[in-house]
Amino acid sequence: MSTGHFPFTRMRRIRMKKFARDLRCETILTAKDLVLPLFIIDGKNSVEPISSMPGVFRYTLDKVLEVAAQAQALGIPAVALFPVISASKKSLDAKAAWDDKGLVPIAVKALKKSFPTLGIITDVALDPYTTHGQDGFIDASGEILNDKTVDGLIKQALCHAKAGADIVAPSDMMDGRIGCIREALEAAGFHDTLILAYSAKYASSFYGPFRDAVGSKASLGKATKDSYQMDPGNSDEAMQEIALDLDEGADIVMVKPGLSYLDIVRRARDKFTAPVFVYNVSGEYSMVKAAAANKWIDEKKVVLELLLSFKRAGAHAIFTYHALDAAKWLK
Ligand code: PBG
């Protein structure tokens, strides 16, 4: 039996003492790597639990300011806003999505006023605003109309930029939207508004709890997003999507979901020089919370290991519902 270079090479030597393990360490997770997603609702003084996402809430504006203060105090650089739109404001033409007096622009303005240095990221997609829960406009047969949808997304992105969003994040997967939004932002003088493109967004079953949270699950019914979100089996296609979005003017690209797609994150980092973010999505969060509630796993250790794995795979930043807890644990 060959023992290689043993005993000259002993991999365990450097693992024996903590000081050496610390020096050998390749990946460090900090609160600065995290983005906190926040669900916002109309009204006052209300914090609604989301049953499929224990520990995550829908906040009215006054309450969102309190959570943002916590996030900033913990060293989390940015928050990402997701609106919960009441049924009466949903429509086929999704026009509430670019209403300057809508939930998102009002929240952006308030957050920017109270926390000027906290990064504010807004989601550009029509699903919270459409009666059918799709990310775009549909025709009579239910198919999503790409170019017409892009026109809506442009209006939505401009509305967010005008309100003061630092980053607009198209999560809709329509073709050509990054270039069109970039052009519109430049033309309107928003030269410094960042675009975070959800470039590699998969048609995943891990979004279920999020759709409960924003109320799009009931609207969607049995319909799928397979004609615009990616097939989970594809990897080359993700590289093509990322290349296109960067070419169209994206500043940052996103891989979503995260845990089942770490290979995509790594490939993106190896292939491109642009920043790569990853979304630790709702279903991934809820699985951990369910196992932790049953005491089957050690929540703190598991969460920190998962978040570390995103960084090791190559992510520059991680959208995660664990952000507040993780930032506290990392202190
Ligand atoms: C859609 C959107 C989705 C998520 C955020 N924005 C998924 C979807 O419904 O297709 C999911 C995020 C999560 O699961 O945490 N624009």
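Scroll up a little and you will see the structure.
Residues numbered from 1 in each chain as written. Predicted model: local features only at pLDDT ≥ 70, side-chain atom pairs only at ≥ 80, totals over all residues. Heavy atoms only, no water.

K.L.:
Could you give me a rundown of the overall build of the chain, with the residues and numbers involved?
P.N.:
Counting secondary structure elements, the chain contains 12 helices and 10 strands. Its C-alpha atoms give the chain a radius of gyration of 21 Å, within 12% of the compact-globule value 20 Å for 331 residues. Burial analysis of the chain (331 residues in total) assigns 52% to the buried set. Summed over all atoms, the accessible surface of the chain reaches about 15600 Å², with 55% contributed by carbon and sulfur. In the chain, which carries 42 positive and 40 negative side-chain charges, the distance between the mean positions of the two groups comes to 11 Å. (Helix = DSSP H or I, 4+ residues; strand = E, 2+ residues; numbered from the N terminus. Rg over C-alpha atoms; globule rule 2.2 N^0.38 Å. Buried < 20%, exposed > 50% of the residue type's maximum accessible area, 1.4 Å probe, protein only. Areas by Shrake-Rupley, 256 points an atom, 1.4 Å probe, with all protein chains shown as cover. Lys, Arg positive; Asp, Glu negative; His and termini not counted. Charge placed at Lys NZ, Arg CZ, Asp CG, Glu CD.)

K.L.:
Can you tell me about the pattern of salt bridges, naming the residues and giving the values?
P.N.:
Per the stated rule, a full pass over the model turns up 17 salt bridges. The partner of Arg 267 in a salt bridge is Asp 236, and the shortest N-O contact between them spans 2.9 Å. With Arg 267 in helix α9 (residues 262-271) and Asp 236 in helix α8 (residues 236-248), the pair connects residues that are 31 residues apart, well separated along the chain. You can call Arg 267 partly exposed: its relative accessible area is 33%. A relative accessible area of 56% means that Asp 236 is categorised as exposed. Glu 299 is the partner of Lys 289 in a salt bridge, and the nearest nitrogen-oxygen pair spans 2.8 Å. (Salt bridge = Lys/Arg side-chain N within 4 Å of Asp/Glu carboxyl O.)

K.L.:
Residue-level account of the site of the ligand, with values.
P.N.:
As a structural note, the neighbourhood of the ligand is formed by 17 residues, with Arg 211, Gln 229, Lys 256, Ser 282 and Tyr 321 the closest of them. One of the side-chain N or O atoms of Gln 229 is found 2.9 Å from an oxygen atom in the ligand. Here an oxygen atom of the ligand sits 2.6 Å away from a polar atom, N or O, in the side chain of Tyr 321. Considered on its own, the ligand offers 400 Å² of accessible surface; in the complex 100% of this is hidden by protein. Looking at the shell around the ligand residue by residue, the classes come out as 7 nonpolar, 3 polar and 7 charged. (Near = heavy atom within 4 Å. Polar contact = N/O pair within 3.5 Å; in protein donor to acceptor, adjacent residues only side chain to side chain. Nonpolar A, V, L, I, M, F, W, Y, C, P; charged D, E, K, R; others polar.)

These figures capture arrangement, not role.
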